[in-house]
Amino acid sequence: MRVRTVSVFMRLEKGDCLHADRLTGLVADARDVLQQVTKILQDQCDLEVQTQRLVFTDPSQYLHWKGGDEAGEDTLAQELTNLNAALEAADIQFCSLGRVETCSAADLPKVLKVIQASPRFNMSINLLPDQVALARSAAQAVKTIAEQTEGGLGNFRFCVSSCCKPGLPFFPGAYAAGDMAVGVRGIAIGLENGDLTNAAMKLAGSVQHVPHAVMETFGGPLKQIETAVLAYIASALPSSSSTAAVSVEYLGIDTSFNPSLDEGMTGSVAHAFEYLKEVKALGGVGSLAAVAAATTAIQSIPVKQVGYCGLMLPVCEDRRLAQLAEVDVSTLATAPKLSVTQLLMLSSVCGVGIDTVPIGMDYDLDALASLFLDVAGLAARWDKPLSCRVFPAPNVNTGELTQFDSPYLVNTCAFSLL
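Within each chain, residue numbers correspond to sequence positions counted from 1 in written order. Predicted model: local features are reported for residues with pLDDT of at least 70 only, side-chain atom pairs are reported and counted for 80 or more only, and whole-chain, interface and lining totals are derived from all residues. Values reported for side chains reflect all heavy atoms of the structure, with hydrogen atoms and water molecules removed beforehand.

A. Representation of the packing of aromatic side chains in the model. Ring pairs shown here join Phe, Tyr and Trp side chains whose ring centres sit within 6.5 Å, with only the six-membered ring taken for Trp; geometry is labelled stacked below 30 degrees between planes, edge-to-face above 60, and tilted in between. On inspection of all chains with the given rule, the structure shows five aromatic pairs. Their ring planes at 40° and their centres at 5.7 Å tell us that Phe 156 and Phe 391 sit as a pair that is tilted. Taken together, the positions of Phe 156 in the loop between helix H4 (132–148) and strand E5 (158–162) and Phe 391 in strand E9 (residues 386–393) put the pair 235 residues apart, joining distant regions of the chain. Residue Phe 391 is classed as buried on the basis of its relative accessible area of 1%. Aromatic side chains Phe 391 and Phe 404 sit 5.8 Å apart centroid to centroid with 75° between the ring planes, which places their arrangement in the edge-to-face category. In this pair, Phe 391 sits in strand E9 while Phe 404 sits in the segment after E9, placing the two residues 13 residues apart along the sequence. Criterion for a charge above a ring: Lys NZ or Arg CZ within 6 Å of the ring centre, and within 35 degrees of the ring normal. In this arrangement the basic side chain of Arg 53 is found over the ring face of Phe 94, its NZ or CZ atom lying 5.3 Å from the centre. Only runs of H or I of at least four residues qualify as helices and only runs of E of at least two qualify as strands under DSSP, and these elements are numbered from the N terminus. Think of it in three bands: residues with accessible area under 20% of the maximum for their type are buried, residues over 50% are exposed, and the middle band is partly exposed, with areas taken using a 1.4 Å probe on protein chains only.

Encoded structure:
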């Protein structure tokens, strides 16, 4: 198991991003907390920490967001420039500018500006099930990002989300609570645990034993992480980078089953569930029961939990999922070709939603808008945190193999949205 992210959450106020020196100090405060928590997890839990991330509130709270006049656009551009410089000075590579909570189609040009302004910037928008016009605008934004960012990978940093609560540590859906006190830095931990998921499902062997196996495998490591972070908070002193006292709050751990791209299938959560005798191939019969049992079990572990706390099925980040998406027709009897509908079905019992799903550039905008609305509808009906992040693959049509050039992604066939 690794720590995928230590995420620190904070609130900026209007005008902060126009005062470069002040902004640099505030970001440095967050950097100090990130580094201290990282060291605790490395030293006391013997865990690799892959990334350190900074998360803000709804951008309309602290950026010049509303209004489209030229002066306003220039102000926003300056704020983004200052923020990127402050992040660079603090050596923070990943930053979520938050979630646009009350979003309309008029907000999408600004979202595009953010994504294009820096590879450090991530963002999400909140979608309700009846916001048809916004869904279509978001679908168009996804296409524009694919066309205007290198390799189409700007969509790695943008998603549509529904019913996601503040404190979620994973990007791009992460955002801080709008009522967070200015001097507070919240901490949330996100994991990469495909190895433990494989160990748990191999131990279980059957759906009926999943609850015990998940508790046996995950209970100790999760409690160790929580104990270490709480001990740090209890002894934390104000940051030395600022004259302002900074208090630290523990938000929790996102306990989600989350894959890695380790060699072979050792990091694949999809492969893990195929250790269960009821599951021949993830997405086929037995999968729903298995995923429901595992999600219920992980959410019952007695640590403070935040975020999705379900099964993550990011197609381009899981070798077995990618394999299922490009399976040959001749093997359909034993391994049905994975579809967006199957992924959405599994999301009905586990959370997270549609993630890193590659689609061809020939996709229909209305079909993608409908997928966004499906995710929002499912989330709203059951009050589940779900997000939708798709990757239109440049120069690739539906059914063709993607050509992403990224160490964080595995290539597979572009999905159909029909």
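B. Local environment of the pattern of salt bridges. A pairing counts as a salt bridge when a side-chain nitrogen of Lys or Arg comes within 4 Å of a carboxyl oxygen of Asp or Glu. As enumerated under the stated definition, the model contains 17 salt bridges in all. Between Arg 185 and Asp 29 there is a salt bridge whose closest N-O contact spans 3.9 Å. Of this pair, Arg 185 sits in strand E6 (residues 184–192) while Asp 29 sits in helix H1 (residues 20–45), and the two are 156 residues apart along the sequence. For Arg 185, a relative accessible area of 2% corresponds to the buried category.

C. Seen up close, the environment of Tyr 275. Topologically, Tyr 275 is positioned in the loop between helix H7 (269–273) and helix H8 (287–299). You can call Tyr 275 partly exposed: its relative accessible area is 33%. The spacing of Tyr 275 and Asn 258 is 17 residues in sequence and 17 Å in space, taken between C-alpha atoms. Residues within four places of Tyr 275 in sequence aside, it is in contact with Asn 198, Met 201, Lys 202 and Gly 205. Contact definition: two residues touch when any of their heavy atoms are within 4.5 Å.

D. Region of interest: unusual backbone geometry. In this chain, Phe 171 is followed by Pro 172 through a cis amide linkage whose omega measures 5°. Residue position: Pro 172 is located in the loop between E5 and E6. Not every positive phi belongs to a glycine, and Cys 163 is a case in point at roughly 60°. With respect to the helices, strands and loops of the structure, Cys 163 is situated in the loop between E5 and E6. Phi at Asp 383 is positive, roughly 50°, even though this residue is not glycine. Here Asp 383 is to be found in the loop between helix H11 (365–382) and E9.

E. Structural context of the packing of H1 against helix H6 (residues 210–235). At a closest axis distance of 10 Å, the pairing of H1 and H6 adopts a crossing angle of 135°. By the angle class used here, H1 and H6 are oblique. Pair H1 / H6 crosses with right-handed handedness. The segment H1 lies against H6, with Val 33, Gln 36, Val 37, Ile 40, Leu 41, Gln 44 and Cys 45 engaging Gln 224, Ile 225, Ala 228, Val 229 and Tyr 232. Tallied by class, the residues present in the contact of H1 with H6 amount to nine nonpolar, three polar and no charged. Here an axis means a line fitted to C-alpha atoms, over the contact stretch when the element is a helix, while the angle between two N-to-C directions is reported on a 0 to 180 degree scale. Here roughly perpendicular refers to angles of 65 to 115 degrees, roughly parallel to angles under 35, roughly antiparallel to angles over 145, and oblique to all remaining angles. Throughout, a crossing is termed right-handed when the near helix is turned clockwise from the far one, and left-handed when it is turned anticlockwise from it by less than a right angle. Three classes are used: nonpolar for Ala, Val, Leu, Ile, Met, Phe, Trp, Tyr, Cys and Pro, charged for Asp, Glu, Lys and Arg, and polar for all others, with Gly counted as polar.

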